[in-house]
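Reading the structure
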Amino acid sequence: TRTVLMLTTSGLLCFRNKLALAPMVRVGTLPMRLLALDYGADIVYCEELIDLKMVQCQRVENEVLETVDFVAPDDRVMFRTCSKEKDKVVFQMVTFIIQCDVRSVFLSLLMPHVFNKQGGMGAALLADPDKIESILSTLVKGVSKPVTCKIRILPTLEETVSLVKRIEKTGVSAIAVHGRMKIERPQHPVHCDYIQAVAEAVSIPVIANGGSLELVKSHEDIEKFREAAGASSVMLARAAMWNPSIFCSKGAVSVDQAMEAYIKYAVRYDNHAFNTKYCLCQMLRDRVESAMGKQLHAAQTNQDICQVFGMMEYYQKVEEEQQKRKERLQSNPNIDTSPVLDGDVVTMPVRFERREYPPQITPKMYLLEWSRREKLEQPAYETVQRAQDRAFQSTVAVGEKKYRSTLWEKSKKFAEQAAAIVSLRTLGVPEGRIGEENSGLVNKRKREEKNGELEKPDDQLNPEPDRRKRHITESLQKEVNCKGNL
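What this report covers is the structure whose coordinates are included nearby. Only a predicted model underlies this, so the values are computations on that prediction, with no experimental measurement involved. (Residues numbered from 1 in each chain as written. Predicted model: local features only at pLDDT ≥ 70, side-chain atom pairs only at ≥ 80, totals over all residues. Heavy atoms only, no water.)

Structural notes on the overall build of the chain
- Along its length, the chain carries 16 helices and 16 strands.
- Residues classed as buried in the chain amount to 50% of the 486 residues present.
- Relative to all contacts within the chain whose residues are 6 or more apart in sequence, the contacts with residues 24 or more apart total 63%.
- Surface summary for the chain: the accessible area is close to 24,200 Å², and the carbon and sulfur share equals 50%. (Helix = DSSP H or I, 4+ residues; strand = E, 2+ residues; numbered from the N terminus. Buried < 20%, exposed > 50% of the residue type's maximum accessible area, 1.4 Å probe, protein only. Contact = heavy atoms within 4.5 Å. Areas by Shrake-Rupley, 256 points an atom, 1.4 Å probe, with all protein chains shown as cover.)

Here you go:
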């Protein structure tokens, strides 16, 4: 009988007598990790993250999704986690900013990818035991969480045992062993005898891996694989990818049920649609060319995917709940709206709400008039569009200073108005809101309107923006979209 997840007396994650979701590229994202935990996994590993942008990530608490996101400079969410998995998730890349949100960190000496070989990482490290020992020793000393690693077996039993003994001396908390050599693939048999020899040679927990296709076809097979390998725990990759309910001790549910549960998590946590589609295709397996599979291939958004699976009611429910949460957060008076200097830009979390201003009046008008009165150049706006959700953010330059809202807007016009609001509030200048004390600007603008001197408000502007501003916006937008596709 397996025990539930437990912590040692030191508060560190225990790797004995556990079932783990293996690290898998494009599969080990938040929805799959949470689903594996629901079905009975004790530990879940995130996908392999090798992008150097992780080092530059900003930790962001997403209050709408109730997640912690690590966002790259190009606005890609590199890693998303939530409180439900905090004590059970293992992060597969070392960047110190993430330590407080995961239970352990992990180094893979396994993956035989081209980029790992060229960078001297992954399976390429197996040929350099000295480098392995140096990296692991540095990690163990440098992070506050348990460090584990995973290897493929070497050509001989003696070489494999020698390597794991050196790894044990670095102070790692556990070692996972994939029972195939670097040149072998899933169709080759798993070498349980090698894993067993490793388990007998070291005192730390050994996690057996590699039995999905050949040995593990049901939950009952997991224990048979563990015993055959003489290991402390078992780590599953493809068997869990095809149906994560293989972790369930009461027996697996149907793949269709597992897919529905997966989609619910994907929608709830705003998973990237293409990642959602990829994982569902892995679950469909030989049905991927069916009518449903073809519809899934054509889907471009999580909403499209819900349409394919007849889950639109759930999708709309989640959308409504998140919209209400977003509106509640925006109206929260406890949010700090004081200006903050970000580099050379003054920032503030504000949005442009059209209903808060009289017809024909906008913050941009007030900022333009103030600039004229102060004999400054006309405010210049630079706008970028975020690739992941096509939201806009604008920066306005006024009097040799720049201003920007930290909140992204649904349109370019609203983003520019938000930037204008930040500048006006920072400068202590009226912005034209309903109920605001009359600054004399409105009356002056009415006089100018009669003389035909007034620039029209945004709602009446010619839809074709001036060529200079359009060139700036489109150039920046192309740059952001290109980064988002890397």
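Following the structure, the description resumes.
Focus on the pairing of strand E4 (residues 67–71)
- Counted residue by residue, E4 has five buried out of five residues, so it is predominantly covered.
- Of the two faces of E4, the one lined by Thr67, Asp69 and Val71 and the one lined by Val68 and Phe70 are each fully buried.
- Two strands pair when backbone bridges link them, and strand E3 (residues 58–62) and E4 are joined in this way by five bridges, in the antiparallel orientation. Bridge pairing in E4 places Val60 opposite Asp69. (Pairing = 2+ DSSP bridges.)

Observations concerning the environment of Ile135
- By secondary structure assignment, the location of Ile135 is in helix H3 (residues 129–142).
- On a C-alpha basis, the gap between Ile135 and Thr170 in space is 9.1 Å, while along the polypeptide they are 35 residues apart.

Quick notes on helix H1 (residues 30–39)
- In terms of burial, H1 is a largely internal element, nine of the 10 residues being buried.
- Inspection of H1 places Leu30, Pro31, Met32, Arg33, Leu34, Leu35, Ala36, Leu37 and Tyr39 among the buried residues, and these make up the whole buried set.
- Of the residues flanking the end of H1, it is Gly40, one or two places downstream, whose phi is positive at about 130 degrees.

Quick notes on the pattern of salt bridges
- Scanning the entire structure with this criterion turns up 17 salt bridges.
- Between Asp221 and Lys224 there is a salt bridge whose closest N-O contact spans 3.9 Å. Taken together, the positions of Asp221 and Lys224, both in helix H6 (residues 219–229) and three residues apart, correspond to about one turn of that helix.
- Taken together, the shared-partner salt bridges connect Asp130, Glu133 and Arg166 into one network. (Salt bridge = Lys/Arg side-chain N within 4 Å of Asp/Glu carboxyl O.)

Concerning the sheet that holds strand E15 (residues 392–398)
- Strand order in the open sheet formed by five strands is E12-E13-E16-E15-E14, and the pairing between neighbours is mixed. Either end of the sheet is taken by a strand with one partner, and the two such strands are strand E12 (340–342) and strand E14 (380–385). Strand-to-strand twist of the sheet, defined as the mean angle between neighbouring strand axes without regard to direction, takes the value 30 degrees.
- In terms of strand pairing, E14 meets E15 through six bridges, oriented antiparallel. (Axes fitted to C-alpha atoms, helices over the stretch in contact; angles between N-to-C directions.)

Some details on a negative patch on the surface
- Together, Asp270, Glu319, Glu320 and Glu321 make up a negatively charged patch on the protein surface.
- Residue position: Asp270 is located in the loop between helix H8 (255–268) and helix H9 (273–284).
- For Asp270, a relative accessible area of 46% corresponds to the partly exposed category. (Patch = residues over 30% accessible without salt bridge, like charges linked within 9 Å, V, L, I, M, F, W, Y side chains within 5 Å. Lys, Arg positive; Asp, Glu negative; His and termini not counted. Charge placed at Lys NZ, Arg CZ, Asp CG, Glu CD.)

Notes on the sheet that holds strand E5 (residues 77–81)
- Strands sit in the order E3-E4-E5 across an open sheet of three strands; the sheet is antiparallel. In the strand order of this sheet, the two ends are held by E3 and E5, each with one partner. Sheet twist, expressed as the average angle between the axes of neighbouring strands with direction ignored, equals 25 degrees.

A short note on H9
- Over its 12 residues, H9 runs 16 Å from end to end, which matches the ideal 16 Å to within 8%, given 1.5 Å per residue.
- Of all 12 residues making up H9, nine are buried, and the element is well covered by its neighbours.
- When H9 is considered as a whole, its buried residues turn out to be Ala273, Asn275, Thr276, Lys277, Cys279, Leu280, Cys281, Met283 and Leu284.
- Contact partners of the buried residues in H9: H1, helix H7 (238–242), H8, helix H10 (291–298) and helix H11 (302–308).
- Backbone geometry just downstream of H9 places Arg285 in the positive-phi region, at approximately 50 degrees. (Expected span 1.5 Å × (residues − 1).)

Observations regarding the nonpolar core
- Ranked by size, the top nonpolar core spans 101 residues in total, and within it Ile167, Ile175, Phe247 and Phe309 carry the most contacts.
- Listed in part, the 20 residues of the second largest apolar core include Tyr366, Leu367, Tyr381 and Ala420. (Core = buried A, V, L, I, M, F, W, Y, C linked by side-chain atoms within 4.5 Å.)

Quick notes on the packing of aromatic side chains
- Applying the stated criterion across every chain yields a total of five aromatic pairs.
- Three or more aromatic residues joined by ring pairs form one cluster here, namely Phe70, Phe79 and Phe91.
- Against the face of Trp408 rests Arg386, its NZ or CZ located 4.4 Å from the ring centre. (Phe/Tyr/Trp six-rings, centres within 6.5 Å; stacked < 30°, edge-to-face > 60°. Lys NZ or Arg CZ within 6 Å of the ring centre and 35° of its normal.)

A short note on the side chain of Ser371
- Among the structural elements, Ser371 can be located in helix H13 (residues 363–373).
- You can call Ser371 buried: its relative accessible area is 0%.
- Residues contacting Ser371, with those up to four places away along its chain left out, are Leu376, Glu377, Pro379 and Val398.

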